[in-house]
Amino acid sequence: MSISRTHAVALNGTQGVVVEVEVNVTRGATRTQILGLRDTVLSECRDRARAAAYNSGHRWPDGNVTVGLSPAWVRKEGSAFDLAVAVAALTAEGAIGQIALAGAVFLAELCLDGRLRPVRGVLPAALAARDHGLTRILVAEPNALEASQISGLEVHGMRSLAQVVALLQGTEIPDAEPLPLDTGPRTGPLRPVRPLPDMADVLGQYDARRALEVAAAGGHHLLLAGAPGAGKTLLAERLPSILPPLDESAALEVSSLHSIAGTLPWEKPLITDPPYQSVHHTCTVAGMVGGGTGRILPGAISRAHHGVLFADEIPEMQRAVLEALREPLEAGEIVIARATGTVVFPARFLLVAAMNPCPCGRAGTAGGQCTCTPDARRRYTQKLSGPFLDRIDLRLAVHPVGRAELFGALPGESSADVRDRVLEARARATHRYADRPWSTNAQIPGSALRAEFAPTPASLTDIDARYQAGTLTARGYDRLLRVAWTLADLTGRPRPGPDEVATALAFRQGLPGQLAT
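Residues numbered from 1 in each chain as written. Predicted model: local features only at pLDDT ≥ 70, side-chain atom pairs only at ≥ 80, totals over all residues. Heavy atoms only, no water.

**Looking at the sheet that holds strand β8 (residues 136-140)**
- In spatial order, the strands read β5-β8-β9; together these three strands make up an open sheet with parallel pairing. Strand pairing shows two members of the sheet lacking a second neighbour, β5 (104-107) and β9 (154-158), which therefore form its edges. Looking at each pair of strands side by side, their axes are set apart by 20° on average, direction ignored.
- Summarising the sheet, β5 and β8 pair through four bridges and their orientation is parallel. By the bridge assignment for β8, Val105 is matched with Ile137. (Pairing = 2+ DSSP bridges. Helix = DSSP H or I, 4+ residues; strand = E, 2+ residues; numbered from the N terminus. Axes fitted to C-alpha atoms, helices over the stretch in contact; angles between N-to-C directions.)

**Comments concerning the environment of Val105**
- Checked against the element boundaries, Val105 lands in strand β5.
- Val105 gets classed as buried once you look at its relative accessible area, which sits at 0%.
- Placed 365 residues apart in sequence, Val105 and Gly470 show a C-alpha to C-alpha distance of 60 Å.
- Contacts of Val105, omitting those with residues within four sequence positions, involve His7, Ala8, Val9, Ala129, Leu134, Arg136, Ile137 and Leu138. (Buried < 20%, exposed > 50% of the residue type's maximum accessible area, 1.4 Å probe, protein only. Contact = heavy atoms within 4.5 Å.)

**Focus: the side chain of Arg136**
- Here Arg136 lies in strand β8.
- Within the buried core, Arg136 has no salt-bridge partner, and the shortest N-O distance to an opposite charge, that of Glu154, equals 5.2 Å.
- Polar side-chain contacts of Arg136 include one of 2.5 Å to the backbone oxygen of Ala100.
- Every residue in contact with Arg136, bar those within four places of it in the chain, is listed here: Ala100, Leu101, Ala102, Gly103, Ala104, Val105, Leu153, Glu154, His156 and Leu168. (Lys, Arg positive; Asp, Glu negative; His and termini not counted. Salt bridge = Lys/Arg side-chain N within 4 Å of Asp/Glu carboxyl O. Polar contact = N/O pair within 3.5 Å; in protein donor to acceptor, adjacent residues only side chain to side chain.)

**A few points about the nonpolar core**
- In terms of nonpolar packing, the biggest core is built from 50 residues, with Leu239, Val352 and Ile463 touching the most fellow members.
- Take this core: its biggest share by element is eight residues, from helix α19 (residues 474-491).
- Sequence-distant contacts of Leu239, that is, excluding residues within four places in its chain, are made with Leu212, Ala216, Val308, Leu350 and Val352. (Core = buried A, V, L, I, M, F, W, Y, C linked by side-chain atoms within 4.5 Å.)

**Let's talk about the packing of aromatic side chains**
- Counted under the stated rule, the structure contains four aromatic pairs.
- Their ring planes at 90° and their centres at 5.3 Å tell us that Tyr433 and Phe453 sit as a pair that is edge-to-face. With a gap of 20 residues between them, Tyr433 in the loop between α16 (415-432) and α17 (446-451) and Phe453 in the loop between α17 and α18 (461-469) connect regions that are remote in the sequence.
- We classify Tyr433 as buried; its relative accessible area is 2%.
- An aromatic cluster is built from Tyr433, Trp438, Phe453 and Trp485, whose rings are joined through pairwise contacts. (Phe/Tyr/Trp six-rings, centres within 6.5 Å; stacked < 30°, edge-to-face > 60°.)

So this is what it looks like as structure tokens:
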């Protein structure tokens with residue numbers, strides 16, 4: 001009887017659990033079985049690992065080979081365990097010494113010919129391995145740069161099982177052909193990392209630019225309504241450029257989510273700029289909040305974590321998708337429950353929603369001939385429920401730019417200039433909440449907002465009357481105060497006054513009808 005041990009990592013959301021991979025070989029009929037809570041892909045690991053070992057010039061252990069994955073109660077999914085199982089089996093066979101595996105974790109999928117393929121989730125897995133006390137990580141070569149973002153780990157990017165065995169044996173590492181990058185675990189084609197669009201490209205649209213600045217400074221959600229071509233998408237695409245860059249903790253968190261989703265760029269495995277996600281109105285619930293069959297993957301709201309989620313044509317979205325957004329808009333996370341377990345993904349994003357003024361899009365435009373009936377317009381706006389709208393702080397009508405502005409206006413302020421003001425406003429908020437668990441105005445709980453950070457009573461006369469009349473909800477009341485604080489931070493005032501409260505109310509009532517309540 002012989003036994004060997006290696007390590008791999010199982011992921012639950014963005015949290016990694018180090019898994020001990022044990023291989024025990026006993027006399028008996030030649031077979032390989034895997035113990036521990038696993039999915040179908042992992043069950044097939046025994047066949048991939050055995051074929052890879054033979055095709056790499058090594059013997060698979062004879063007899064009854066039992067692979068144990070512990071903790072047994074933690075669910076293990078995917079092909080990332082292939083390399084750990086193969087190395088443990090070859091160690092039990094005697095090809096590798098157990099001492100050579102000390103402090104090492106193995107994460108890679110095996111091809112039948114012994115080549116290593118990259119896998120998703122290497123960044124959070126490497127972080128979990130380091131926190132567990134492991135010191136080395138062996139991954140497929142395309143994943144090496146991603147794993148190297150975690151300090152304190154010795155990273156080895158390998159091309160084949162034969163190279164891994166040679167490294168562990170301390171012998172000369174044989175050459176192997178690299179895998180092309182486009183064979184990796186990505187959900188779409190590779191795209192180069194592009195610079196963020198600049199606010200200087202926006203001509204006119206002064207109210208909309210101001211709304212973007214307020215949204216960025218305080219973390220407030222924004223609804224833009226205007227005719228097609230008015231510039232809603234143009235504005236939304238430039239919001240990330242005025243947000244603060246991600247600090248180290250946020251960058252690792254965002255990059256981990258994209259690593260799990262398979263959307264982390266090969267050439268830049270650490271995302272330091274706020275992400276931008278655009279969703280079409282045909283997006284499903286699973287596409288928006290996450291899920292899927294088999295392994296649960298983060299949705300658009302989690303891929304937009306610490307960044308911007310742009311939802312165009314939002315009234316055309318399924319009602320279930322819009323209602324699924326309500327919880328993460330306030331909680332900053334999404335809980336996905338399945339029969340196989342519960343996964344929590346962070347989802348603290350800035351929502352920029354866009355819509356037309358009516359189904360045909362021509363209402364209120366110069367020379368526009370709207371063909372919609374009043375009833376059609378009412379049904380269009382009522383697709384956005386009251387509870388959903390109540391969570392959006394800033395609502396603005398966007399009008400097409402006039403010819404004079406289009407051809408004669410000077411370029412607007414650059415994103416760098418606007419971002420400087422946003423950073424100053426956020427610094428004031430951070431200083432004010434230094435001993436509190438929140439950092440932006442949008443995160444202040446209502447109880448603290450009304451008790452410790454309320455404006456002067458004279459500033460609240462108008463919104464108090466609206467609240468008493470029932471035209472303003474308690475949630476809307478709190479959100480007005482949060483926007484007022486952001487406006488005060490942008491102007492450098494120590495506390496919101498009547499002007500800031502009135503401006504916050506104007507932003508909330510920037511659209512007619514139901515959307516202004």
